[in-house]
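In case you want the letters, here they are:
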Amino acid sequence: MKSHLKATFAAITIATLSGCAAPLPKGSDTSKYLPTPVDVSKMKPVEMTLKAKNGDEYDALRFHDVANNKWFDSDGYPVNEKFLRVRKDGFVCEVTYVGLIDKMPDFKTPTDEKADIIACVENVNVQKAEKRVFTISGVGAMLGGPIVAASTAAGFIGGTTVDAVNAVAAKETAE
């Protein structure tokens, strides 16, 4: 249960953070954590299943530059022999666990700053998180109306019952 809550919180956090920091445009090297991304559009895509530290599996898309025998993630950043993103500062973005409900990879980063976390999250996962948060908020809005109506009706019925009991008690007292 604890990992479910963590995963949901992680998805909401990623979606929130993605609004604060849009992905760097291709060719930009202004990131403190990420090297200049490469264009992967002409490379061979390979779908693979990777493992988190705790043994959870998650889907990933990696691109192979056959001419140079180098691998890149879906955002064009270099990956190591385990196909994990390697940042400019040498930190390897290894997934600690994968959320059971939302299948979102979660990372433990050195500083847990917004930029530090975002530097490990692939844009594909940011988009999934945004979609999930939108869905969750939509479901919450759909359920919120009936819940408020039901609680209001229950309060009204409860108030009416109390008023009726008070009226009967007052009548008996008067007699």
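The paragraphs below set out a description of the structure included in this document.

## Section: the state of the cysteines
Counted under the stated rule, the structure contains one disulfide. Covalently, Cys93 is tied to Cys120 through a disulfide, its sulfur atoms 2.1 Å apart. Its S-S torsion of approximately -75° makes the covalent link between Cys93 and Cys120 left-handed. With a gap of 27 residues between them, Cys93 in the loop between strand E3 (70-73) and strand E4 (95-98) and Cys120 in the loop between helix H2 (114-118) and helix H3 (123-174) connect regions that are remote in the sequence. Take Cys93 and Cys120: they sit in the same class, and that class is buried.

## What about the environment of Phe91?
Tracing the backbone shows Phe91 in the loop between E3 and E4. Among residues more than four places away in sequence, those in contact with Phe91 are Arg85, Val86, Lys108, Thr109, Pro110 and Cys120.

## Observations concerning the environment of Met43
Following the sequence through the fold, Met43 ends up in the loop between helix H1 (2-20) and strand E1 (44-51). As a C-alpha pair, Met43 and Phe63 span 20 residues in sequence and 5.8 Å in three-dimensional space. The contact partners of Met43, leaving out residues within four places of it in the chain, are Val38, Phe63, His64, Asp65 and Phe72.

## Considerations on the side chain of Thr109
Examined against the element boundaries, Thr109 turns out to sit in the loop between strand E5 (105-107) and H2. On the basis of relative accessibility, which here comes to 3%, the residue Thr109 falls in the buried class. At 3.4 Å, the side chain of Thr109 and the side chain of Asp116 are in polar contact. Those residues within four positions of Thr109 in sequence are excluded, and the remaining contacts are Arg87, Phe91, Asp116, Ile117 and Cys120.

Here is what the cut-offs are and how they apply
- Residue positions within a chain follow its written sequence, with the count starting from 1.
- Side-chain atom pairs in this predicted model are given and counted only at pLDDT of 80 or more, local residue features only at pLDDT of at least 70, and totals for whole chains, interfaces and linings cover all residues.
- Side-chain metrics in this entry use all non-hydrogen atoms of the structure; hydrogen atoms and water are not considered.
- Note on disulfides: each one is a pair of cysteine sulfur atoms within 2.5 Å.
- Working definition: helices are DSSP H or I runs of at least four residues, strands are E runs of at least two. Numbering for both runs from the N terminus.
- Each residue's exposure class comes from its accessible area (1.4 Å probe, protein chains only) as a fraction of the maximum for that residue type: buried when under 20%, exposed when over 50%, partly exposed otherwise.
- Should any heavy atoms of two residues lie within 4.5 Å, those residues are considered in contact.
- The term polar contact refers here to a pair of N or O atoms within 3.5 Å; inside protein, the definition further demands a hydrogen-donor-capable atom paired with an acceptor-capable atom, and it admits residues adjacent in sequence only when both atoms are side-chain atoms.

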